[in-house]
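Architecture at a glance
Chain residues, written in single-letter form:
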Amino acid sequence: MSNRRGWTRPAGLVAVWVAVALVAVTVGVVAVTRLGATLSDRGPLGNEAVRGDLREGAATPDPDQPLVERTITEEFGEMDVACRGEFALGLDVRPDEEAGWRTVSYETGPDDDVDAVFAQRDRSIEIEVYCNLGQPVVGEVERNTLPD
């Protein structure tokens with residue numbers, strides 16, 4: 001009998017520790033899921049928060065905010081973007097046609113982010129730009145191999 005009691009307390013402590021760890025992980029996952037854009041510094045608007053009208057291109061940037069432009073150059077060519085405060089604007093895309101790149105899609109905004117997709121034979125590159133403190137920032141570059 002004494003051996004059983006000797007194991008009961010450590011087993012109980014392990015069970016409590018596992019339960020606390022599961023609660024902590026669950027709270028962390030919920031926090032990151034709900035606040036992901038803010039926690040990962042994805043821009044002041046997050047996922048469509050604060051915008052008065054959620055339709056693409058329907059947001060109205062403050063014309064008194066300075067327009068900050070940036071050209072992003074990659075193997076696909078160039079993408080001109082700008083920020084007016086927290087609103088991103090796509091100004092122009094110039095795929096490297098000599099290397100076989102073409103523009104598949106392109107957002108002009110204004111929006112919380114703008115993106116463009118470029119393709120070359122069996123590859124594609126999607127680039128997303130958002131505004132951080134009024135400055136255009138590349139949020140994500142996704143490179144894919146396309147099916148035959």
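Residues numbered from 1 in each chain as written. Predicted model: local features only at pLDDT ≥ 70, side-chain atom pairs only at ≥ 80, totals over all residues. Heavy atoms only, no water.

Evaluation of the coordinates by the stated rule reveals one disulfide. What pairs with cysteine 83 in a disulfide is cysteine 131, and their sulfur atoms sit 2.0 Å apart. The disulfide joining cysteine 83 to cysteine 131 has a torsion of about -100° about its S-S bond and is therefore left-handed. Of this pair, cysteine 83 sits in strand β2 (residues 77–84) while cysteine 131 sits in strand β6 (residues 123–132), and the two are 48 residues apart along the sequence. Cysteine 83 sits in the buried class, given a relative accessible area of 0%. (Disulfide = S-S within 2.5 Å. Helix = DSSP H or I, 4+ residues; strand = E, 2+ residues; numbered from the N terminus. Buried < 20%, exposed > 50% of the residue type's maximum accessible area, 1.4 Å probe, protein only.)

Tallied over the full model, the rule gives one aromatic pair. Look at phenylalanine 76 and phenylalanine 118: their rings are 4.0 Å apart centre to centre, the planes differ by 10°, and that puts the pair in the stacked class. Note that phenylalanine 76 is positioned in the loop between β1 (67–74) and β2 and phenylalanine 118 in strand β5 (residues 113–120), a separation of 42 residues in sequence. The exposure classification of phenylalanine 76 matches that of phenylalanine 118, with both residues buried. (Phe/Tyr/Trp six-rings, centres within 6.5 Å; stacked < 30°, edge-to-face > 60°.)

So, to be careful, I would describe these as geometric facts and stop short of saying anything about function.
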